[in-house]
Amino acid sequence: MTKNYDFDIKDVIKQLVKVFKTKRDEATVGDLIAETGLPKFQISQAIKLMMNEYFGGMKVTETGEIIYYFPEGMVNRVNGFSARLKRLLTAINKAIKITLSFLFK
């Protein structure tokens, strides 16, 4: 039997991203559990990573419930297209600087 803490976090994140997209980029842990059927532990671990990777934030309702939201949508700033493009352009810029430096010395 697979234990609650033996899981692939990338798969959990993929499932949560789908749920956030259908919920207008905000949901509570309860919403996520209801939509995915995943254990709370797995969702809690995945949310920690998602908050950084997807520009996430938290809101607290008057009843004390935490709502996780992503104001810029589900755009991954670590592995997404814009992040890869930025790294590529930085590498190209560095290569151009090295080449020009070599040519003009």
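In this report, the structure presented in the accompanying data block is examined.

Take unusual backbone geometry next. You will see that Arg24, though not glycine, has its phi angle at about 60°, which is positive. Judged by relative accessible area, Arg24 falls into the exposed class, the value being 76%. Positioned with a positive phi, Asp25 is a non-glycine residue whose angle comes to about 65°.

Packing of helix α1 (residues 9-22) against helix α2 (residues 29-36) leaves a shortest axis separation of 10 Å and a crossing angle of 110°. When the axis of α1 is compared with that of α2, the two are roughly perpendicular. Together, Gln15, Leu16, Val19 and Phe20 of α1 and Leu32, Glu35 and Thr36 of α2 make up the contact between the two elements. In the contact of α1 with α2, the residues fall into 4 nonpolar, 2 polar and 1 charged.

Before going further, it helps to examine the nonpolar core. Counting 19 residues, the largest nonpolar core has Leu16, Phe20, Leu32, Ile47 and Met50 as its most contacted members. At the level of secondary structure, the elements contributing two or more residues to this core comprise α1, α2 and α3 (40-53). Counting residues per element, this core draws most heavily on α1, which supplies 6 residues. Excluding residues within four positions of it along the chain, Leu16 makes contact with Leu32, Thr36, Ile43, Ala46, Ile47 and Met50.

Looking now at the sheet that holds strand β2 (residues 57-60). Taken in spatial order, the 3 strands make up an open sheet running β1-β3-β2, and their pairing is antiparallel. The open sheet has two edge strands, β1 (26-28) and β2, and neither has a second partner. When the angles between neighbouring strand axes are averaged without regard to direction, this sheet yields 30°. Of the pairings in the sheet, the one linking β1 to strand β3 (residues 66-69) comprises 3 bridges and is antiparallel in character. Bridge pairing in β3 places Thr28 opposite Ile67. Each of β1 and β3 is contacted by α2, which is oriented at about 90° to β1, the strand it contacts most.

Counted by the stated rule, this structure contains 3 aromatic pairs. On the basis of an interplanar angle of 90° and a centroid distance of 6.2 Å, the ring pair of Phe7 and Phe41 is categorised as edge-to-face. With Phe7 in the segment before α1 and Phe41 in helix α3, this residue pair connects regions lying 34 residues apart in the sequence. Relative to Phe70, the ring of Phe20 has its centre 4.8 Å away and its plane inclined at 80°; by these criteria the two rings are edge-to-face. On the criterion of sequence distance, the pair formed by Phe20 in helix α1 and Phe70 in the loop between β3 and α4 (81-103) is long-range, its members being 50 residues apart.

So, how was this worked out
- Residues numbered from 1 in each chain as written.
- Predicted model: local features only at pLDDT ≥ 70, side-chain atom pairs only at ≥ 80, totals over all residues.
- Heavy atoms only, no water.
- Buried < 20%, exposed > 50% of the residue type's maximum accessible area, 1.4 Å probe, protein only.
- Axes fitted to C-alpha atoms, helices over the stretch in contact; angles between N-to-C directions.
- Helix = DSSP H or I, 4+ residues; strand = E, 2+ residues; numbered from the N terminus.
- Parallel < 35°, antiparallel > 145°, perpendicular 65-115°, else oblique.
- Contact = heavy atoms within 4.5 Å.
- Nonpolar A, V, L, I, M, F, W, Y, C, P; charged D, E, K, R; others polar.
- Core = buried A, V, L, I, M, F, W, Y, C linked by side-chain atoms within 4.5 Å.
- Pairing = 2+ DSSP bridges.
- Phe/Tyr/Trp six-rings, centres within 6.5 Å; stacked < 30°, edge-to-face > 60°.

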